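Observations on chain architecture
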Amino acid sequence: MKKILSALILIQIGYCASPQSVKNNADSENAWASAPLSVSHAAKRASTGSLNVIRTKAVRDFKKTFKNVGNEKWYEMPDGYRANFTANGIRYRLDYDKNGNWLHTIRYYDEKKLPIEVRRLVVSSYLDHSIRFVEEIEAPRDTIFYIIHLEGQTNWINIKVYDDEITIIEKINK
């Protein structure tokens, strides 16, 4: 009887202590729709030792980089952690690895917030297309580059702008 009771208790403890993850597609714009973990709640859960949800290193880096942000949502990903928030009309997505090291930041915004020199380059190269939205990607040791989504009369084009050069990533006919 004691062995059965002990086994049931161990199974229950193992079940409660297993980490939970929020399934999320890193490439999806619907990444904002998953069940988020607030920083304070995640830190509280991590400090109890029952569930290490977000690495302290990731939270510290985030708070150091974005001092005045308080509306962020945290997600546990299969390969790390993600923080999403909006500030000044720009949506941000920061990804961290499992050790809490910053991987990259992606900013989503419209044409008006695109740096003027990048905008001129794109508009002059694609006169018949309008800029639908921009993804600005910043990673350690890399120069910032842009993925720009264009719409024309007959097609959509996704381009990469890096170091004053344009590369077509994808072209889709309507």
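Just so it is clear, the structure is predicted and the values come from calculations on it, not from any experiment. Throughout, a residue's number is its position along its own chain's written sequence, starting from 1. The predicted origin of the model limits local features to residues at a pLDDT of at least 70 and limits the giving and counting of side-chain atom pairs to 80 or more, whereas totals for whole chains, interfaces and linings rest on all residues. Where side-chain values are given, they derive from all heavy atoms of the structure, hydrogens and water being excluded.

1. Points about the nonpolar core
Convention followed: Grouping buried Ala, Val, Leu, Ile, Met, Phe, Trp, Tyr and Cys residues that are joined through side-chain atoms within 4.5 Å yields what is termed a nonpolar core. Note on classification: 1.4 Å probe, protein chains only; a residue is buried when its accessible area is under 20% of the maximum for its type, exposed when over 50%, partly exposed between these limits. Secondary structure follows DSSP: runs of H or I at least 4 residues long count as helices, runs of E at least 2 residues long count as strands, and numbering of each begins at the N terminus. Note on definitions: a residue-residue contact is assigned when non-hydrogen atoms from the two residues lie within 4.5 Å.
Core analysis: the biggest nonpolar cluster contains 27 residues, and Phe 62, Trp 74 and Ile 148 have the highest contact counts within it. Those elements giving two or more residues to this core turn out to be helix H3 (56-65), strand S2 (80-87), strand S3 (90-97), helix H4 (116-125), strand S5 (130-138), strand S6 (145-151) and strand S7 (155-162). A per-element tally of this core places S3 first, with four residues. In contact with Phe 62, other than residues within four places in its own chain, are Val 69, Glu 72, Trp 74, Ala 83, Phe 85, Leu 94 and Tyr 96. Ile 106, Tyr 108, Ile 137 and Ile 147 belong to the second largest nonpolar core, which has five residues in total.

2. Considerations on the confidence of the model for the protein
Stated precisely, the cut-off is as follows: You can read pLDDT as the predictor saying how much it trusts each residue, on a scale of 0 to 100.
Across the protein, the average pLDDT comes to 78, with 70% of residues at or above 70. Across the protein, S6 holds the top mean pLDDT of 98, while helix H1 (residues 2-17) sits lowest at 37.

3. As for H3
What counts here: Our arc is simply the arc of the directions from the helix axis toward the C-beta atoms.
The complete set of buried residues in H3 reads Ala 58, Val 59 and Phe 62. Along the axis of H3, the buried residues cluster in a sector spanning 95°; they form a single face. Of the exposed residues in H3, the ones pointing more than 90 degrees away from its buried face are Arg 60 and Lys 64.

4. Some details on the side chain of Asn 158
Let me state the cut-off plainly: Nitrogen and oxygen atoms within 3.5 Å of one another constitute a polar contact, given that in protein one can donate a hydrogen and the other can accept it, and given that sequence-neighbouring residues count only through two side-chain atoms.
Turning to its location among the elements, Asn 158 is positioned in strand S7. Among the polar contacts listed, one links the side chain of Asn 158 to the side chain of His 149, at a separation of 2.7 Å. Other than its neighbours up to four places away in sequence, Asn 158 contacts Ile 148, His 149, Leu 150, Thr 167, Ile 168, Ile 169 and Glu 170.

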